[in-house]
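One-letter residues, chain by chain:
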Amino acid sequence: MTQESARKKPGKNLIQRLFSLSYSGLIIITLVLVILLSVVTPNNAFLQPNNLLNVLRQVSVYGIMAVGMAFVMISGGIDLSVGSVAGFSGCVTSLLVTNEVMSLMPSMLVGVVSGLLSGVICGLIIAYTGIPPFITTLSVQISVRGLAYIVANGKPIGNLPKNLLNLGVGSVFGVPIPIIFMVLFLLMGALILNRTTFGRTVYAVGGNRTAAHLAGVNVKKVTILVYTISGVVSAFAGIVLAARNVSAQPNAGVAFETEAIAGCAMGGVAFDGGSGSMSGVALGIILMGIINNGMNLLGISSYWQLVVKGLIMVTAVIYSMRNSKRNA
Amino acid sequence: MMSASRSSLKRGEILCICGENGAGKSTLIKILSGAETPSSGTIIYEGEEIRFQSPDHAHRMGISTVYQEMVQIPEMSIAENIYLGRYKKRFGLIDFNDAVVRTRELMKRIGLTLDPNTKIKDLSLAKRQLVEILKAISYESKIVIFDEPTSSLSEEETQILMDVIFKLKEAGVSIIYISHRLNEIFRISDRITVLRDGRVAGTVLSSESNIDEIIWLMVGRNLEQQFPKEYAELGETVLEVKNLSGGIVYDCSFSLRAGEVLGFGGLVGAGRSELMELIYGARRYDSGSITYHGRDLKKISPLKAIESKISLVPEDRRRQGLISILPIRQNISLSYLKELSRYGFMKLKKESRATEDIFDKLHIRAPSVRTLVNKLSGGNQQKVVLARSLITSPDILILDEPTRGIDVGTKVEIYEMINQLAASGVAIILISSDLPELLAMSDRIVVMKEGTITGELTGADMNETTFMKLATLGEEVHDSRISS
């Protein structure tokens, strides 16, 4: 190799690397959408700082859930119970606080622990019985939703105290608190995935269970832990959701699992496990927000929004699959 | 991948193609079978230039390929697999009987007697391969390409395959045969073409050549010895297995000393891998005992085995060894995460240094440790699995078919590594179906048959004849035990 080409190489690699990221399709789609929206929305409405914050605020609950979902999906599983878990934990926490059984922190803790338990149960069933994650978490989704109706007695729980509401509608230095939570969860997720031994084993289990087992990875433990993480994270998201809605509802979070999965899928998390990153997930979630927001600004009916969202999702996933094939 | 190569094939000829991994064999096959299109150059077939558009196109033109990894539907019968998508129809319905009858006719042609209604999943690997051959004949193929057909077959099964290939040859079919096994190549071929770095390094008449010449053509240099065995000084006994049973493994006892290379031989399915899985804790044993450094190993798991410095390089590197969508580094460090971290957090620099060290030491050919494993050739992938074991500096290293499907050059590197490890006092268990390799590289050989140990070979007894007797007949065991 000549000196010149050696010097050129890194630059070329950077661009190549950017384009070979599993979510590079997403970056392109996002950029195109941002440019398009800033041009076509009346009065430059899209690019207004308030609107941009709004985009993030709208996706914050999905965003938090997607962090847990990413762990599960990278390990090769799926968690359909997240929406129910969010609904349940929102109800439990709100009930405890509004009835003044406990103060806010302990009530939240109970809510989060309920999510933890649900996650542990999912993980145990999947790790020890071999029932597919889809079926297991679907069953848990149904049962937990039932429990949410039972604890809430089928009715919304209103009159939430101010400190709880603050979690959903408050802001710090102008930044809405849900967004701060989402960012914190994403960062924490990235830290765990990239920097811990546990993160390494999550990728290994998703990439090849048999090989991971033979290499000394405790596959069962990893499986249980990823569902536990997903449970905890969704339970927390549920509390934020209740606060944002100004009341906890037993049917809160219905179909949120599809949003979380969609965010992960768009962000390049492989459905068969082994690959994906938090930066990708963050982008996936933001893209979903932009699509919603942009179409609202353009006055497109919400029915059409669904159609378009589906199409964009499938495009992004096709692109990321092609990319990973090309790299293979 | 390939560049400027020229080769030819005559009617009724068996041409062998060999070369190291990454020499371009697979690419050549893909081009010939229509799976890939050449960027330049031509294929002249029966006097005419041709460009295959797809595998189906090649098939219809009379070129069939029997791949290394077979594409069959396990739940379907032999006949169904052969005529899949080409069934004769009667009143719009599939005439299964016609497929069965025609399959029988095909079998007659090559002297096979199998029931066409047998499901693929009930067949041995060797028989499945024969089904692929039947399929090739069913297309009335004029050229049949074999891609390392014997890499997972026993000696006996290989012989059956060879007989079939000779029958095809007699019928005027031309054969392209790709293999790593040099002995085998000389047994069947008329001519041998050696590829190196995507080019033809040479084509020789089998009757006028020898193994040394082929190796020389393959690696471009002389390999002093195909098996550079060195004998290390033996230390104390590190492992003592007594009456171990579990799964198909029955009543196995043996011991292993530091610095020893203990070979495990037997036909495919003799239970060698299964025995190692019991010792390594991949499966639980039912009875018996394992004594390691003087203490009993109970309730072992791969994790505990690795922690107590027993390491396994599994038989099937792609299914059991590698996480191919991850980079080399993550694959190598996987068994060693505890040592490369503190409080659960990875020490990334230490990890890089440790993995790069071993990456260099094993001469893994890849741009860097960040390269994804699925981009590597077979030999380099095997080295990655080895690296994962070696980084844990094991006391006992179990190598299950460590050289299967890899090129001669890499094989020798692995043999040298075995020598070095043994010299440094590592006890090595070497399972191999490559008999010359097993005989040459082991200090002592344990022979297994049908899940139990039938004998042990040392010194002058370490020869093919004695081995085959134990592996097939089980001379030493008198047998009520096995048959019961």
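Definitions and limits used
Residue numbers restart at each chain and count upward from 1, following the sequence in its written direction. Think of it this way: whatever chain is written first is A, whatever ligand is written first is 1, and the rest follow in order. With pLDDT at 70 or above as the cut-off, local features in this predicted model cover only qualifying residues; side-chain atom pairs require 80 or more to be listed or tallied, and sums for whole chains, interfaces and linings still use all residues. A run of H or I in DSSP counts as a helix once it spans at least four residues, and a run of E counts as a strand once it spans at least two, with each numbered from the N terminus. Working definition of a contact: two residues with C-beta atoms, positioned from the backbone, lying within 7 Å. All radius of gyration figures rest on C-alpha atoms, and the globule criterion is 2.2 Å times the number of residues raised to 0.38. Buried, partly exposed and exposed are defined by the number of other C-beta atoms within 10 Å of a residue's own C-beta, namely 20 or more, between the two limits, and 12 or fewer respectively, with C-beta atoms placed from the backbone. The rule for pairing is simple: two strands pair if DSSP sees at least two bridges between them. Interaxial angle, 0 to 180 degrees, is taken between N-to-C directions of lines fitted to C-alpha atoms, where a helix line uses only the stretch in contact. Side-chain classes are defined by residue name, with Ala, Val, Leu, Ile, Met, Phe, Trp, Tyr, Cys and Pro counting as nonpolar, Asp, Glu, Lys and Arg as charged, and the others, Gly among them, as polar. Remark: nonpolar core denotes a set of buried Ala, Val, Leu, Ile, Met, Phe, Trp, Tyr and Cys residues whose joining runs through C-beta atoms within 7 Å. The scheme is simple: roughly parallel for angles under 35 degrees, roughly antiparallel for over 145, roughly perpendicular for 65 to 115, oblique for anything else. Under the convention used throughout, the expected extent of a helix is 1.5 Å for every residue step, that is, one less than its residue count. Arc definition: directions from the helix axis to the C-beta atoms. Residue-level confidence of the predictor, termed pLDDT, takes values from 0 up to 100.

Colleague: Just checking my understanding: could you explain the overall build of chain A for this structure?
Modeller: Looking only at helices and strands, one finds 14 helices and two strands in chain A. Within chain A, contacts between residues separated by at least 24 positions form 78% of all contacts whose residues are at least 6 apart in sequence.

Colleague: Which parts of the structure should I look at to understand the overall build of chain B?
Modeller: When helices and strands are tallied, chain B shows 18 helices and 22 strands. Whereas a compact globule of 484 residues would reach a radius of gyration of roughly 23 Å, chain B reaches 24 Å, a difference of no more than 12%. Projecting the C-alpha coordinates of chain B onto the three principal axes gives extents of approximately 70 × 55 × 50 Å. Here chain B holds 484 residues, and the buried ones make up 45% of them. Sequence separation of at least 24 residues holds for 69% of the intrachain contacts in chain B that already meet a minimum separation of 6.

Colleague: Would you take a moment to explain the sheet that holds strand 12 (residues 249–257) of chain B for this structure?
Modeller: The pairing of strands in a sheet happens through backbone hydrogen bonds and is either parallel or antiparallel. All names here are of chain B. Across the sheet, which stays open at both edges, the four strands sit in the order 12-11-14-15 with antiparallel pairing between neighbours. Here the strands that pair on one side only, and so sit at the sheet edges, are strand 12 and strand 15 (295–296). In this sheet, strand 14 (residues 287–292) lies alongside strand 11 (residues 237–246) in antiparallel orientation, the contact comprising five bridges. Its bridge partner being in strand 14, Glu240 is matched across the sheet by Thr291. Contacts from helix 9 (residues 272–280) reach strand 11, strand 12 and strand 14, with the element oriented near 70° to strand 12.

Colleague: Honestly, the pairing of strand 8 (residues 174–178) of chain B in this entry has me stumped. Any pointers?
Modeller: Residue and element names in this part refer to chain B. Among the five residues in strand 8, five count as buried, and that is most of the element. Because side chains alternate across strand 8, one face comprises the buried residues Ser174, Ile176 and Ile178, and the other comprises Ile175 and Tyr177, equally buried. Sheet topology places strand 1 (residues 14–18) next to strand 8; four bridges connect them, and they run parallel. Across the sheet, residue Ile14 finds its bridge partner in strand 8, namely Ile175. The pairing of strand 7 (residues 143–147) with strand 8 spans five bridges and is parallel. Note on strand 8: the bridge partner recorded for Ile143 is Ser174.

Colleague: What exactly am I supposed to notice about the environment of B:Ile137 here?
Modeller: All names here are of chain B. Tracing the chain through its elements places Ile137 in helix 5 (residues 125–138). The exposure class assigned to Ile137 is buried, which follows from the 22 C-beta atoms found within 10 Å. In this structure, the C-alpha to C-alpha distance between Ile137 and Arg109, residues 28 residues apart in sequence, is 9.2 Å. What Ile137 contacts, discounting residues up to four positions off in sequence, is Leu106 and Arg109.

Colleague: When you look at the interface of chain B and chain A in this model, what are you seeing that I'm missing?
Modeller: The accessible area lost on association of the parts is a frequent measure of interface size. In this complex, chain B contributes 24 residues to the contact, which on the side of chain A involves 22 residues. Put simply, the parts of the chain that give the side of chain B that touches chain A at least two residues each are helix 10 (302–307), helix 11 (317–321) and strand 18 (345–346) of chain B. Looking at the side of chain B that touches chain A residue by residue, the class counts come to 15 nonpolar, seven polar and two charged.

Colleague: Can you help me understand the sheet that holds strand 1 of chain B in this one?
Modeller: All names here are of chain B. An order of 4-7-8-1-9-10 is seen for the six strands of this open sheet, with the pairing classed as mixed. Bordering the open sheet on either side are strand 4 (63–66) and strand 10 (199–205), each of which pairs with just one other strand. Averaged over all pairs of adjacent strands, the angle between their axes in this sheet comes to 20°, without regard to strand direction. In this sheet, strand 10 lies alongside strand 9 (residues 191–196) in antiparallel orientation, the contact comprising six bridges.

Colleague: How should I be thinking about unusual backbone geometry in this particular structure?
Modeller: Positive phi outside glycine occurs at A:Asn153, with the angle close to 55°. Position of A:Asn153 relative to the elements: it lies in the loop between helix 6 (133–152) and helix 7 (162–169). Using a count of 10 C-beta atoms within 10 Å as the deciding quantity, one classes A:Asn153 as exposed. Not every positive phi belongs to a glycine, and B:Glu140 is a case in point at roughly 55°. Following the sequence through the fold, B:Glu140 ends up in the loop between helix 5 and strand 7.

Colleague: Teacher, can you tell me more about the pairing of strand 11 of chain B here?
Modeller: In regular strands, side chains alternate between the two faces of the sheet. All names here are of chain B. By the bridge criterion, six bridges tie strand 11 to strand 12 in an arrangement that is antiparallel. Each bridged residue has a counterpart across the sheet, and for Thr237 the counterpart in strand 12 is Arg257. Adjacent in sequence and paired antiparallel, strand 11 and strand 12 are bridged by two residues, among which Gly247 carries a positive phi angle near 60°.

Colleague: When you look at the nonpolar core in this model, what are you seeing that I'm missing?
Modeller: Generally speaking, soluble globular proteins have nonpolar side chains that are buried together. If you look at the biggest cluster of nonpolar residues, it comprises 176 residues, and the most contacted ones within it are A:Ile64, A:Met65, A:Ala70 and B:Ile428. For this core, the element with the most residues is helix 11 (residues 219–244) of chain A, which contributes 16 residues. Not counting residues up to four positions away in its chain, the partners in contact with A:Ala70 are A:Gly189, A:Cys264, A:Val269, A:Gly276, A:Met278 and A:Val281. In this structure, B:Phe52, B:Val66, B:Leu161 and B:Ile192 belong to the second largest nonpolar core, which totals 50 residues.

Colleague: Sorry, what's going on with the packing of helix 3 (residues 49–74) of chain A against helix 11 of chain A here?
Modeller: Describing two packed helices takes the angle between their axes plus the distance from one axis to the other. All names here are of chain A. Between helix 3 and helix 11, whose axes approach to 8 Å, the crossing angle comes to 175°. The orientation of helix 3 with respect to helix 11, classified from their angle, is roughly antiparallel. Of the residues in helix 11, those touching helix 3 at Val61, Ile64, Met65, Val67, Gly68, Met69, Phe71 and Val72 are Val226, Tyr227, Ile229, Ser230, Val233, Ser234, Phe236, Ala237, Val240, Leu241 and Arg244. Its residues assigned to classes, the contact of helix 3 with helix 11 shows 15 nonpolar, three polar and one charged.

Colleague: Sorry, what's going on with helix 15 (residues 408–423) of chain B here?
Modeller: Helical geometry note: an α-helix holds 3.6 residues per turn, so side chains three or four residues apart project in the same direction. Residue and element names in this part refer to chain B. Helix length check: helix 15, at 16 residues, gives a terminal C-alpha distance of 23 Å against a target of 22 Å (1.5 Å per residue), a fit within 8%. By the burial criterion, the buried members of helix 15 are Val408, Thr410, Lys411, Ile414, Tyr415, Ile418, Leu421 and Ala422. Along the axis of helix 15, the buried positions cluster into a sector of 160°, meaning they face one direction only. Turning to helix 15, the residues buried within the fold contact helix 8 (211–219), strand 13 (261–265), helix 14 (378–390), strand 19 (396–400), strand 20 (427–431) and helix 16 (435–441). Phi turns positive, to about 95°, at Gly425, one or two residues after helix 15.

Colleague: I tried to follow the confidence of the model for chain B on my own but got confused; where do I start?
Modeller: One rule of thumb: low pLDDT means the predicted coordinates there are not for detailed reading. Residue and element names in this part refer to chain B. Chain-level statistics for chain B give a pLDDT mean of 85 and a share of 94% at 70 or above. Per-residue pLDDT stays below 50 along residues 476–484; that stretch engages in nine contacts with residues further than four places along the chain or on separate chains. Our summary of model confidence lists the complex with pTM equal to 0.78 and ipTM equal to 0.85.

Colleague: Honestly, the confidence of the model for chain A in this entry has me stumped. Any pointers?
Modeller: Residues and elements named next belong to chain A. Of the residues in chain A, 90% reach a pLDDT of 70 or more, and the chain-wide mean stands at 88. Between the elements of chain A, mean pLDDT differs from a low of 49, seen in helix 1 (residues 3–20), to a high of 97, seen in helix 11. A low-confidence stretch, residues 1–12 stays under pLDDT 50, and its non-local contacts, those more than four residues away or across chains, total one contact.

Colleague: Explanation requested: the environment of B:Phe227 in the structure shown.
Modeller: Residues and elements named next belong to chain B. Relative to the assigned elements, Phe227 resides in the loop between helix 8 and strand 11. Residues Phe227 and Ile310, spaced 83 residues apart in sequence, show a C-alpha to C-alpha distance of 25 Å. Setting aside chain neighbours within four positions, we find Phe227 in contact with Tyr415, Glu437, Ala440 and Met441.

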